[in-house]
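# Structure assessment
Below, each chain spelled out in residue letters.
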Amino acid sequence: MKWNLRMVAAQRDLWRPTELLEAFKTVGFTPSLSKVAAMWSGTPVTVRLDDLDKICAVLNCTVGDLLQAEPLEAATGETEALPKAVGAEGSGEGPVRPTPRRQGSRRSLPPN
């Protein structure tokens, strides 16, 4: 997900975290300045839904304006070649066949 808080705020003529904090106070949302600055400067790991609702109310936007889905790298069609296990032979097609044990005693001898 791409976090677009700065872009949406700039479209509403809010250019600094302090200006955004003042706008938040108009709807009763009073986070600390450090929390607003963290949301401003980077992508938050989590956002509470009621906080997200208040942010959207202040900025007069939708959740889709703030969060944009980005494709995963794995979904772009690039496939990574998986490493083969040590001792793996062949192309990896077909069933895996066990290798027989060496001839001789099946039990190990006890230590002396």
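Above: the structure in question.
Rules behind the numbers
All residue numbers refer to positions counted from 1 along the written sequence of the respective chain. For this predicted model, a pLDDT threshold of at least 70 governs which residues receive local features, and a threshold of 80 or more governs which side-chain atom pairs are given and counted, while totals over whole chains, interfaces and linings are taken from all residues. As a rule here, side-chain values come from all non-hydrogen atoms in the structure, and water together with hydrogens is ignored. Accessible area is worked out with a 1.4 Å probe on protein chains only. A residue is then buried under 20% of its type maximum, exposed over 50%, and partly exposed in between. Each helix corresponds to a stretch of at least 4 residues labelled H or I by DSSP, and each strand to a stretch of at least 2 residues labelled E; elements are numbered beginning at the N terminus. The arc in question is the one traced by the directions running from the helix axis out to the C-beta atoms. The contact criterion used throughout is that any non-hydrogen atoms of two residues lie within 4.5 Å. Throughout this description, the term salt bridge denotes a Lys or Arg side-chain nitrogen within 4 Å of a carboxyl oxygen of Asp or Glu.

## Considerations on helix α4 (residues 49-59)
Each full turn of the α-helix corresponds to 3.6 residues, which orients residues three or four apart in the same direction. What α4 keeps buried is the set D51, L52, I55, C56, V58 and L59. In an axial view of α4, the angular spread of the buried residues amounts to 160°, which keeps them on one side of the axis. Projecting away from the buried face of α4 at angles above 90 degrees are the exposed residues L49, D53 and A57. Close packing links the buried residues of α4 with β1 (2-3), α1 (5-11), α2 (17-25), α3 (33-41) and α5 (63-66). N60 sits one or two residues past α4 and shows a positive phi near 55°.

## Brief notes about the pattern of salt bridges
If you walk through the whole model with that rule in mind, you get three salt bridges. With its nearest N and O atoms 3.6 Å apart, the salt bridge here joins K25 to E22. Linking K25 with E22, this pair stays in helix α2, spanning three residues, or about one helical turn. Of the residues examined, K25 reaches a relative accessible area of 44% and is grouped as partly exposed. Here E22 falls in the partly exposed class, since its relative accessible area comes to 48%. We note a salt bridge from R48 to D50, for which the minimum N-O separation is 2.9 Å. According to the relative accessible area criterion, D50 is partly exposed, its value standing at 34%.

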